[in-house]
Protein chains: 2
Amino acid sequence: MSKGTNKGAIDSQPEALNRLLHSEADKLSGVDRRRFIKNAAVFSSAVVAGSAMASSNLPPNTPEWTKKLGLPVNTHPYGQPSPYVAEKIVRRRVPWLTPDAIASISFTPLADIKGIITPNGLVFERDHAGVPTINPDEHRLMIHGLVERPIIFTMEDLMRFPSESRIHFLECPANGGMEIKGPQMGRLQFTHGMNSCCEWTGVPLRYLLEEVGVKPEGKWILAEGADGAAMSRSIPIEKALDDSLVVYAQNGEPLRPENGFPIRLFNPGWEGNTMIKWLRRLEVGDKPYYQREETSKYTDLLYPRREDYKDRYGKAYIFSMEMEAKSVVTFPCPEKPLKGKGKYILEGLAWSGKGRIKAVDVSFDGGVTWQTAQLKGLVLPKAWTRFALPFNWNGEKLLVQSRAIDETGYVQPTYKQMRDARGTHFIYHNNAIHTWMVKESGEVDSVQIFEKG
Amino acid sequence: MSKGTNKGAIDSQPEALNRLLHSEADKLSGVDRRRFIKNAAVFSSAVVAGSAMASSNLPPNTPEWTKKLGLPVNTHPYGQPSPYVAEKIVRRRVPWLTPDAIASISFTPLADIKGIITPNGLVFERDHAGVPTINPDEHRLMIHGLVERPIIFTMEDLMRFPSESRIHFLECPANGGMEIKGPQMGRLQFTHGMNSCCEWTGVPLRYLLEEVGVKPEGKWILAEGADGAAMSRSIPIEKALDDSLVVYAQNGEPLRPENGFPIRLFNPGWEGNTMIKWLRRLEVGDKPYYQREETSKYTDLLYPRREDYKDRYGKAYIFSMEMEAKSVVTFPCPEKPLKGKGKYILEGLAWSGKGRIKAVDVSFDGGVTWQTAQLKGLVLPKAWTRFALPFNWNGEKLLVQSRAIDETGYVQPTYKQMRDARGTHFIYHNNAIHTWMVKESGEVDSVQIFEKG
């Protein structure tokens, strides 16, 4: 590699990414002196250490870590993240959001997540009485009520049933709930991070129901957790016989404690809170059980404008289990600003509780004009689907939005459409189109666009 | 739930799983006294504690953890496994297998893995000079040699390129290498556990090669790692332009240190060692570089019987990159024995470096007769595919085998076929059909069946 060649390389650098990339030879020849100086602290120390070593033939700029042995194999028999990311990329709790840390929430850092799998260490958690520490050998699942043969299953029993593994999203219906009255939470992790996507493995609930024999009058199932809140929800039998699972593994390994270890109910595409964690009991009944967490909570009072919806005003959505289509742009976002004019690739996530994502549109002007994004990789039912769209930023202010359409034809609504239907006095099922404002500086704010009524 | 009902339930217990499941009421009524006594330590302590609490209306057998608050949300901002599994389900090193723990191996616990995703904490590792602790801000990837524009990329540069996320297996070609002369390693974790499957995200290498402009005479690429071994391999340009990635994420989060943080090369379907970890340098040349790790290692001397293969005897396989179709039964296996006669569901994993798995056959009599297994869930190219087959065990000795067939029609060979082709003096690319012997006790041994020549 001659200096001449590299000089030419720098001069003819392709502008595809609008960023001056540099070669080692360029730095050494002083072509890009400022960059060399900036990096000198890194590379010069390596050179000094190298010259002191027996291997005198080490090339220049050999990094420090190449000149010595690393950590032994199996340093962590259960592997851990790099110390360089271990504190940056974590689930986070927002201290002021809940009165204490026991009945609280931690959020998946969506801005740093790639692909469609959320690693188990970063799956969000929402607990109602903290995370119980359950001994799986002592844990039992009882299925009783309107059944022919009430049975108590051990973990070992459950593991002997046929299993299924499926990739599905898991979203709290309160995800984005703070934004309904206007922008509150600022960062992507907190506006959309009560949402994760894993490969879940467990027993189809219908096999267990066949085993106990549901009586003809059995129409609803009460699912109850073994946590201190005895968190409980009523599930219609149709869902239970369709695609619900009693899961014991996420991304290949046993469930994490905060995600329901040793077992949780999993209702694909439905509200996360219906997927009772630390599942202890399924009671079959002939009607819903109207538990605390499905009447005072996880129910939405409707206050649209009186003149528009006389029949809805003051009523409530209850048992609104299905998560409707939603999407969000994950780059750019407040955590990942733009750094100077040029070409970028917008990325985002879309999902629908009704099935597959069919398309995602992206707007850079707050919903005036739309372009169709590319769906990337696997497009699975009731799972995250990643989308991308290359764009060129000329440094002007942008109002970036994404709009998901699922295979049923359902289109993600605007905030105006959502408020017209429900008012602003609700908490759950905010699936409105979100707006990121990219400022001239490249920094990104969470905003809402005022839409005329 | 009356005692009478439950008495009936026990009497009419379906024998589908040939296991006496039991209800709480049965235990209390003494129908299954021995089981009750066995479990008494669990339940009686819960009852006592319950009676001492204010909540006098707690039902009997309420477990200890339901009567108190659990751990706060975000106890581990980066989540950790349950203490009940954290020491049981880990990667393991075999102390006698390598002279030290620096150039060594730890194994994925395949017997405990569900689905097709291996969680990052359990992905196997094979290091040649330990695991370097690399600061990603200081790490660089240089692409040079027979290129128009040599470039040094920062991590930030790489993240601006279009990315792809794909689920692929990663297998060391030495996986099973100890078994070539006969059963050695005993347990599934060690006979097949240098193999994992993740969702990998990174930049297609062809984009980076387009950026630097490979000269027409550029036919091979030397990939070099930033570890103390400067681990290096030669990759043909055709693979690099096909589906190779420079990956920076596994299962959604940054690569783990032992898997190449901050970047590694990923050559789908090829030997794990070609997927250089801690990737530092790609040099384009006109021929292979014949590095230490592709001549003295990762090359197989061929010693089949002289009379059969005169033209091969004493020659070697070199640059045998592709991992051919392979499979293994993960249940039953030495770690997961059978517990009494009855119905079970055999499970296993199959994979091929050539593409998708087309079918898997299972034998219970050491390969005399075969049945077709069911392929479960996603069947993706160059990825783990899970298979299952229900069977009824009458308590007799079994010789359990699986045989993968991939979409090219390639059939996993027997040990006899493999030895006839290559002799027994090789280490890499043992993809022979493996045999588990289920003994009358239900315990499982790793065996090899003597096959007449």
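Data block above holds the structure.
Below is a summary of the structure that appears in this document. Only a predicted model underlies this, so the values are computations on that prediction, with no experimental measurement involved. (Residues numbered from 1 in each chain as written. Chains lettered and ligands numbered in written order. Predicted model: local features only at pLDDT ≥ 70, side-chain atom pairs only at ≥ 80, totals over all residues. Heavy atoms only, no water.)

## Some points on the sheet that holds strand β12 (residues 279-285) of chain B
Residue and element names in this part refer to chain B. Note the cut-off: Two strands are counted as paired when DSSP detects at least two bridges linking them. Comment: elements are numbered from the N terminus, with helices defined as DSSP H or I runs of at least four residues and strands as E runs of at least two. Axes here refer to lines fitted to C-alpha atoms; in helices the fit is confined to the stretch in contact. Angles between the N-to-C directions go from 0 to 180 degrees. Any two residues whose heavy atoms approach within 4.5 Å are treated as being in contact.
The strand order across the open sheet formed by 5 strands is β4-β3-β12-β7-β8, and the pairing between neighbours is mixed. In this open sheet, the two edge strands, each paired with only one partner strand, are β4 (151-153) and β8 (232-236). The sheet shows a mean angle of 20 degrees between the axes of neighbouring strands, direction not considered. Bridge count between strand β3 (residues 141-145) and β12: 4 bridges; the pairing is parallel. Looking at β12, one finds that His144 is bridged to Glu283. Along the sheet, helix α6 (residues 205-212) makes contact with β3, β4, β7 (220-225) and β12, crossing β4 at roughly 140 degrees.

## Section: the interface of chain A and chain B
Our working definition: By convention, the term buried area covers the 1.4 Å-probe accessible surface removed from two parts as they join, with the contributions of both added. Think of a salt bridge as a Lys or Arg side-chain nitrogen and an Asp or Glu carboxyl oxygen that are within 4 Å of each other. A 3.5 Å cut-off defines polar contacts: any pair of N or O atoms within that distance qualifies, except that in protein one atom must be a possible hydrogen donor and the other a possible acceptor, and neighbouring residues in sequence count only when both atoms are side-chain atoms.
The interface of chain A with chain B comprises 117 residues on the first partner and 117 residues on the second. Summing both partners gives a buried area of about 10000 Å² for chain A against chain B, and 61% of it is carried by carbon and sulfur. When the buried area of chain A at its contact with chain B is split by residue, Trp65(A), Val73(A) and Arg160(A) rank highest and sum to 9% of it. If you look at where chain A meets chain B, you find 2 salt bridges. Where Glu156(B) meets Lys339(A), a salt bridge forms, and the shortest distance between an N and an O atom there is 3.3 Å. There are 35 residue pairs in polar contact (both at pLDDT 80 or more) connecting chain A and chain B.

## Details of helix α6 (residues 205-212) of chain A
An α-helical turn contains 3.6 residues, so a residue and the one three or four places further along point in the same direction. All names here are of chain A. Defined as follows: Relative accessibility decides the category of a residue: with a 1.4 Å probe and only protein chains considered, values under 20% of the type maximum give buried, values over 50% give exposed, and everything between is partly exposed. Along the arc lie the directions from the helix axis toward the C-beta atoms.
Regarding α6, the residues found buried are Leu205, Leu208, Leu209, Glu211 and Val212. One face of α6 carries all of its buried residues, which in axial projection span an arc of 155 degrees. Directly after α6, the chain includes Gly213, whose backbone phi takes a positive value near 75 degrees.

## Considering the packing of aromatic side chains
Keep this limit in mind: Any two of the Phe, Tyr and Trp rings considered here, Trp counted by its six-membered ring, make a pair once their centres fall within 6.5 Å; the pair's planes then place it as stacked at under 30 degrees, edge-to-face at over 60, or tilted in between.
The final tally for this structure, using the stated rule, is 20 aromatic pairs over all chains. Geometrically, the ring pair formed by Trp200(B) and Phe266(B) is tilted, given 4.8 Å between the ring centres and 35 degrees between the ring planes. One end of the pair, Trp200(B), is in strand β6 (residues 195-204); the other, Phe266(B), is in strand β11 (residues 264-266), with 66 residues separating them in the sequence. Comparing Trp200(B) with Phe266(B) shows no difference in burial state: the two are buried. Taken together, a centroid distance of 4.8 Å and an interplanar angle of 35 degrees make the contact between Tyr298(B) and Tyr428(B) tilted. On the criterion of sequence distance, the pair formed by Tyr298(B) in the loop between α8 (292-295) and β13 (300-301) and Tyr428(B) in the loop between α9 (415-422) and β22 (435-438) is long-range, its members being 130 residues apart. The exposure class of Tyr428(B) is buried, given its relative accessible area of 8%. One aromatic cluster is present, built from ring pairs that chain together Phe331(A), Tyr344(A), Phe364(A) and Phe391(A).

## As for the relation of the copies chain A and chain B
Worth spelling out the cut-off: Least squares is used to superpose the copies, and the fit set is the C-alpha atoms of residues whose pLDDT is at least 70 in both copies.
With an RMSD of 0.0 Å, the operation that places chain A on chain B is a rotation of 180 degrees combined with a shift of 0.0 Å along the axis. Seen this way, the second copy is the image of the first under a two-fold rotation axis. Considering only C-alpha atoms, the residue of chain A closest to the rotation axis is Pro119(A), which sits at 3.5 Å. A shared binding surface is used by both copies, with 99% of the interface residues of chain A retained as interface residues in chain B.

## Details of the pairing of strand β15 (residues 326-331) of chain A
On any regular strand, side chains alternate: one points to one face of the sheet, the next to the other face. All names here are of chain A. Burial analysis of β15 places 5 of its 6 residues in the buried class, which makes it a mostly covered element. Taken together, the 5 bridges between β15 and strand β16 (residues 342-351) define a ladder with antiparallel strand orientation. Within β16, the residue paired with Phe331 across the bridge is Glu347.

## Observations concerning the environment of Cys333(B)
Residue and element names in this part refer to chain B. Along the polypeptide, Cys333 turns up in the loop between β15 (326-331) and β16 (342-351). Among the residues examined, Cys333 registers a relative accessible area of 0% and is labelled buried. Measuring from C-alpha to C-alpha, the distance between Cys333 and Thr414 comes to 19 Å, with 81 residues separating the pair along the chain. Not counting residues within four places of it along the chain, the set of residues in contact with Cys333 comprises Ala111, Leu188, Trp436 and Val444.

## As for the nonpolar core
Let me state the cut-off plainly: Only buried Ala, Val, Leu, Ile, Met, Phe, Trp, Tyr and Cys residues count toward a nonpolar core, and they belong to the same one when joined by side-chain atoms within 4.5 Å.
By size, the foremost hydrophobic cluster in this structure holds 157 residues, and its most contacted members are Leu141(A) and Leu208(A). With near-sequence residues (within four places) excluded, Leu208(A) lies in contact with Leu141(A), Ile143(A), Phe153(A), Leu158(A), Phe161(A), Val203(A) and Val246(A). Listed in part, the 34 residues of the second largest apolar core include Leu205(B), Met231(B), Ile263(B) and Tyr428(B).

Structural measurements only, silent on function.
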